[in-house]
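Each chain, letter by letter, is given below.
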Amino acid sequence: MAKVNLNGLFPPIPTPFFNGKVAHQQLAANVEKWSKTGIRGVVVLGSNGESVYLSEEEKRNVIGTVVKSAPKDLVVIAGSGCESTEATLKLTCDCANLGAHAALVVTPHYYSNQMTGKALMKHFTFIADRSPIPTILYNVPKFTHITLAPDLVSALSEHPNIIGIKDSSGNIQLLSEFLNQVGKHFDVLVGTAGVWFAGLTLGCTGGILALANITPENCVKIFELLKKDEFEKARKLQLKMIPVNKTITTTYGISGLKAAMDMLGYYGGDPRHPLLPPSEKEKSEIKEILQKADILTG
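Engineer: What is the right way to look at the overall build of the protein in this model?
Structural biologist: The helix and strand tally for the protein stands at twelve helices and ten strands. Since a compact globule built from 298 residues should have a radius of gyration of about 19 Å, the 18 Å found for the protein is in line with a globular shape. Each principal axis of the C-alpha distribution contributes one length, and for the protein these read about 55 × 45 × 40 Å. Within the protein, buried positions represent 55% of all 298 residues. For the protein, contacts bridging at least 24 residues in sequence account for 72% of all contacts bridging at least 6. Within the structure as shown, the protein displays about 13,400 Å² of accessible surface, and the carbon and sulfur contribution to it stands at 53%. If the 30 positive side-chain charges of the protein are averaged to one point and the 27 negative ones to another, these points end up 2 Å apart.

Engineer: How should I be thinking about the side chain of serine 80 in this particular structure?
Structural biologist: Inspection of the secondary structure assignment puts serine 80 in the loop between strand E5 (75–79) and helix H3 (85–98). Judged by relative accessible area, serine 80 falls into the buried class, the value being 0%. A polar side-chain atom of serine 80 sits 2.7 Å from a polar atom in the side chain of threonine 92. Ignoring anything within four residues of it in the chain, the contact list for serine 80 reads Thr88, Leu91, Thr92, Ala103, Leu104 and Val105.

Engineer: Would you take a moment to explain helix H7 (residues 172–181) for this structure?
Structural biologist: In an α-helix, one turn spans 3.6 residues, which is why side chains three or four residues apart end up on the same side. Those residues of H7 not exposed but buried are Leu174, Leu175, Ser176 and Phe178. The elements touched by buried residues of H7 are strand E7 (135–139), helix H6 (150–156), strand E8 (162–167), strand E9 (187–190) and helix H8 (196–202). For H7, the N-terminal capping position is held by asparagine 171, with its side-chain oxygen 2.9 Å away from the main-chain nitrogen of glutamine 173.

Engineer: Please clarify how the sheet that holds E5 should be interpreted in this entry.
Structural biologist: Pairing between the strands of a sheet is mediated by backbone hydrogen bonds and can be parallel or antiparallel. Read across the sheet, eight strands follow the order E1-E10-E9-E8-E7-E6-E5-E4 without closing on themselves; strand pairing throughout is parallel. With one partner strand each, in any of the chains shown, strand E1 (8–10) and strand E4 (41–44) form the two edges of the open sheet. Sheet twist, expressed as the mean angle between neighbouring strand axes with direction ignored, is 25°. Pairing geometry for E5 and strand E6 (residues 102–106), over three bridges, is parallel.

Engineer: What's the story with the environment of lysine 166 in this structure? I'm lost.
Structural biologist: Examined against the element boundaries, lysine 166 turns out to sit in strand E8. Spatially, the C-alpha atom of lysine 166 lies 14 Å from that of phenylalanine 143, the residues being 23 residues apart in sequence. Not counting chain neighbours up to four residues away, the residues in contact with lysine 166 comprise Leu104, Ile136, Leu137, Tyr138, Asn139, Leu189, Gly191 and Ile208. Only 3.5 Å separates the side chain of lysine 166 from the side chain of tyrosine 138, close enough to count as a polar contact.

Engineer: Can you help me understand the side chain of threonine 144 in this one?
Structural biologist: Relative to the helices and strands, threonine 144 is located in helix H5 (residues 141–144). For threonine 144, a relative accessible area of 2% puts it in the buried group. Here valine 140 takes part through its backbone oxygen, which lies 3.1 Å from a polar atom of the side chain of threonine 144. Of the polar contacts made by the side chain of threonine 144, one reaches the backbone nitrogen of isoleucine 146; its length is 3.2 Å. Not counting residues within four places of it along the chain, the set of residues in contact with threonine 144 comprises Val106, Thr107 and His109.

Engineer: Even after reading the chapter, I still don't get the pattern of salt bridges, so can you show me in this structure?
Structural biologist: Side chains carrying opposite charge are able to pair once their charged atoms draw close together. All chains considered together, the criterion is met by 15 salt bridges. Among the salt bridges present, the one from glutamate 230 reaches lysine 228, with a minimum N-O distance of 3.9 Å. With a relative accessible area of 26%, glutamate 230 lands in the partly exposed category. The class for lysine 228 is exposed, based on a relative accessible area of 54%. Ionic contacts of the salt-bridge type, sharing partners, join the residues Glu56, Lys59, Arg60, Lys90 and Asp94 into one network.

Engineer: Would you take a moment to explain the pairing of E9 for this structure?
Structural biologist: Along any regular strand, the residues point their side chains to alternate faces of the sheet. Burial of E9 is two-sided: the residues Asp187 and Leu189 facing one way and the residues Val188 and Val190 facing the other way are all buried. Chirality of the crossover, the property in question, places the unit of E8, H7 and E9 among those that are right-handed. Across two bridges, the pairing between E9 and strand E10 (residues 206–208) is parallel. Paired with valine 190 across the two strands is glycine 207, which belongs to E10. Between the parallel elements E9 and E10, the chain passes through H8 in a crossover that is right-handed.

Parameters and conventions
All residue numbers here refer to positions counted from 1 along the written sequence of the relevant chain. With pLDDT at 70 or above as the cut-off, local features in this predicted model cover only qualifying residues; side-chain atom pairs require 80 or more to be listed or tallied, and sums for whole chains, interfaces and linings still use all residues. To obtain the side-chain values, all non-hydrogen atoms of the structure were used and water was disregarded. The helix and strand labels rest on DSSP assignments: H or I over at least four residues marks a helix, E over at least two residues marks a strand, and numbering proceeds from the N terminus. With the radius of gyration taken over C-alpha atoms, the globule rule is written as 2.2 Å times the number of residues to the power 0.38. The rule is simple: take the accessible area with a 1.4 Å probe, protein chains only, and divide by the maximum for that residue type; under 20% is buried, over 50% is exposed, in between is partly exposed. In what follows, residue pairs with any heavy atoms lying within 4.5 Å of each other are defined as contacts. Note on areas: Shrake-Rupley, 1.4 Å probe, and residue coverage restricted to the protein chains presented here. His is not counted here, nor are the chain ends, while Lys and Arg score as positive and Asp and Glu score as negative. One atom stands in for each charge, and that atom is NZ of Lys, CZ of Arg, CG of Asp or CD of Glu. In the analysis that follows, any N or O atom pair within 3.5 Å is treated as a polar contact, provided that within protein one partner can donate a hydrogen and the other can accept it, and provided that, for residues neighboring in sequence, both atoms belong to side chains. At least two bridges found by DSSP between two strands are what make those strands a pair. Here an angle of 0 to 180 degrees is reported between the N-to-C directions of two axes, which are lines fitted to C-alpha atoms, with helices fitted over the stretch in contact. Just to be clear on terms, a salt bridge is a Lys or Arg side-chain nitrogen sitting within 4 Å of an Asp or Glu carboxyl oxygen. By convention, a crossover is right-handed whenever its connection, traced from the first strand over the helix to the second and viewed with the strands pointing away, goes clockwise.

Laid out in structure tokens, this is it:
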């Protein structure tokens, strides 16, 4: 099994729609543009990809489009987590056959009270034992209302086919516990741009950041500055990005992220229903935030 390098930045890319259908041509154009910004790879079918609104066929077609349009050196990570273990494994294998390099597997959460450490250990181990590509754990309590415990992540990090975790909790204490307890060759990835600087200084090897969809250059710059120990420059740039990240995640979510993409030369388009597009007033507020951060000029 090929080694997957998670050292760097990965935008969790949105799925573009046109008249309610997946816009494959626009998706390919977005991937081509992102690939020239210094990112390490892309995450497809994540939370920002509206994967919960896609059919199984659409998911596979989206992966196929991204793999075909991505340069050979761009790592493609597929969000293959489903509610059942069997469905997750099937989608993971299908994504692998389509050319994905790794699978990002979110915690099953519909029966949250029964998702004990024992149940999750069995779930992730079953998949990792059988997956033809490496597995990355996905901790996103905001959506699942389940937090992966550090001792569970530590145990899973010893599995040879579980290579990392994306932590989107935004909790520095939890992130630190992961870093303290996981195995040597296990990558801990920052899952929210609000703690990008902090996570990297603590020892995270990379990040999967929604912010990187609209300003990958600035996210990459923070990463590169910290590699050169230019902490003050990185700190200032991080602080400048905080209002932007809040706008496209907490305040307006995927709808706001897509609107910002449209303003910056990518194709965002509307989200899929029941999500609503932003109003003209909200678009104006998003534009103002981007201008203040020097991301959008004019």
